[in-house]
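# Structure assessment
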Amino acid sequence: MATTPFANPTQLLPLELVDKCIGSRIHIIMKNDKEIVGILLGFDDFVNMVLEDVTEFESTPEGRRVTKLDKLLLNGNNITMPTPKPKYQAAKQHVGDLPSPEPPPPAFTLSGANGGHLAQEYLVGS
């Protein structure tokens with residue numbers, strides 16, 4: 001009997017993965033030189049996203065610009081890559097500012113115009 005992609009219970013479809021991030025802090029890399037970090041409240045089939053407690057990082061000729069927003073609606077067409085907030089950062093919120101025995105791994109690694117490093121300092125250093 002032939003197997004279908006849906007026969008494997010460990011397979012996770014893209015929208016199911018995004019759905020698991022609802023209520024969690026996520027990091028989103030946009031097509032323009034912006035990166036967004038916020039708590040995912042919801043999304044639709046086009047991956048338009050509603051976020052709260054948002055920090056926007058933008059690379060400008062003058063340097064890095066950081067903007068804080070209460071809520072934000074993102075157009076899914078402009079999203080390059082959403083990534084969940086690293087687990088070590090979530091654990092840090094519960095423990096407080098206790099020193100860790102070793103530094104955490106980078107939040108992400110990318111190459112490109114801004115190198116994906118605008119929000120890394122925010123995620124790791126907060």
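In this text the structure is predicted, and so the values were computed from the model without any measurement. (Residues numbered from 1 in each chain as written. Predicted model: local features only at pLDDT ≥ 70, side-chain atom pairs only at ≥ 80, totals over all residues. Heavy atoms only, no water.)

## What to know about the pattern of salt bridges
Formally: By convention in these notes, a salt bridge is any Lys or Arg side-chain nitrogen within 4 Å of a carboxyl oxygen on Asp or Glu. Numbering of helices and strands runs from the N terminus, with a helix taken as a DSSP run of H or I at least four residues long and a strand as a DSSP run of E at least two residues long. Here the term buried applies to any residue with accessible area under 20% of the maximum for its type, exposed to any over 50%, and partly exposed to those in between, with areas from a 1.4 Å probe on protein chains only.
Counted by the stated rule, this structure contains three salt bridges. Ionic pairing is found between Glu 56 and Lys 34, a salt bridge with its closest N-O pair at 3.6 Å. Of this pair, Glu 56 sits in strand β3 (residues 49-60) while Lys 34 sits in strand β2 (residues 34-43), and the two are 22 residues apart along the sequence. Ionic pairing is found between Glu 58 and Arg 65, a salt bridge with its closest N-O pair at 2.7 Å. For Arg 65, a relative accessible area of 43% translates into the label partly exposed.

## Considering the sheet that holds β3
Each strand in a sheet pairs with its neighbour through backbone hydrogen bonds, running either in the same direction (parallel) or in the opposite one (antiparallel). As a reminder, the rule being used: Pairing between strands is defined by DSSP: at least two bridges between them are needed. Axis definition: a line fitted to C-alpha atoms, over the contacting stretch in the case of helices. Angles run 0 to 180 degrees between N-to-C directions.
In spatial order, the strands read β4-β3-β2-β1-β5; together these five strands make up an open sheet with antiparallel pairing. The strands lining the two open edges of the sheet, one partner per strand, are β4 (63-74) and β5 (79-84). Ignoring which end each strand starts from, the neighbouring axes of this sheet average 25 degrees apart. Here strand β1 (residues 25-30) pairs with β2 via five bridges, running antiparallel. The residue of β2 that forms the bridge with His 27 is Val 37.

## Quick look at the environment of Asp 70
Here is the rule we go by: Contacts between residues were defined by any pair of non-hydrogen atoms, one from each residue, lying within 4.5 Å.
Within the secondary structure layout, Asp 70 lies in strand β4. The exposed category is assigned to Asp 70, whose relative accessible area is 70%. Note: C-alpha distance between Asp 70 and Gly 38 (32 residues apart in sequence) is 9.3 Å. Ignoring anything within four residues of it in the chain, the contact list for Asp 70 reads Leu 51, Glu 52, Asp 53 and Val 54.

## Comments concerning the side chain of Glu 58
For clarity, the cut-off: We call two N or O atoms a polar contact when they sit within 3.5 Å, provided that within protein one can donate a hydrogen and the other can accept it, with sequence-adjacent residues counted only if both atoms are side-chain atoms.
Among the structural elements, Glu 58 can be located in strand β3. For Glu 58, a relative accessible area of 19% puts it in the buried group. Within polar-contact distance, the side chain of Glu 58 engages the side chain of Arg 65 at 2.7 Å.

## Considerations on the confidence of the model for the protein
For clarity, the cut-off: Per residue, pLDDT measures the predictor's confidence, with a range of 0 to 100.
Model confidence for the protein is summarised by a mean pLDDT of 73, while 60% of its residues fall at 70 or above. Scored below 50 in pLDDT, residues 88-101 shows twelve contacts in the model against residues more than four places distant or in partner chains.

## Quick word on a nonpolar patch on the surface
Where we set the bar: Each patch groups residues whose relative accessible area exceeds 30% and which form no salt bridge, using 9 Å between like charges and 5 Å between nonpolar side chains of Val, Leu, Ile, Met, Phe, Trp and Tyr. Per-residue accessibility takes into account occlusion by the displayed protein chains alone, with areas from the Shrake-Rupley method and a 1.4 Å probe.
A surface patch of nonpolar side chains, amounting to about 250 Å² of accessible area, comprises Leu 41, Val 50 and Leu 73. Looking at the secondary structure, you find Leu 41 in strand β2.

## Describing the pairing of β2
Where β1 hands over to β2, the hairpin turn is made up of three residues, counted between the paired strands. Two strands pair when backbone bridges link them, and β2 and β3 are joined in this way by eight bridges, in the antiparallel orientation. Across the sheet, the residue bridging to Glu 35 is Phe 57, located in β3.

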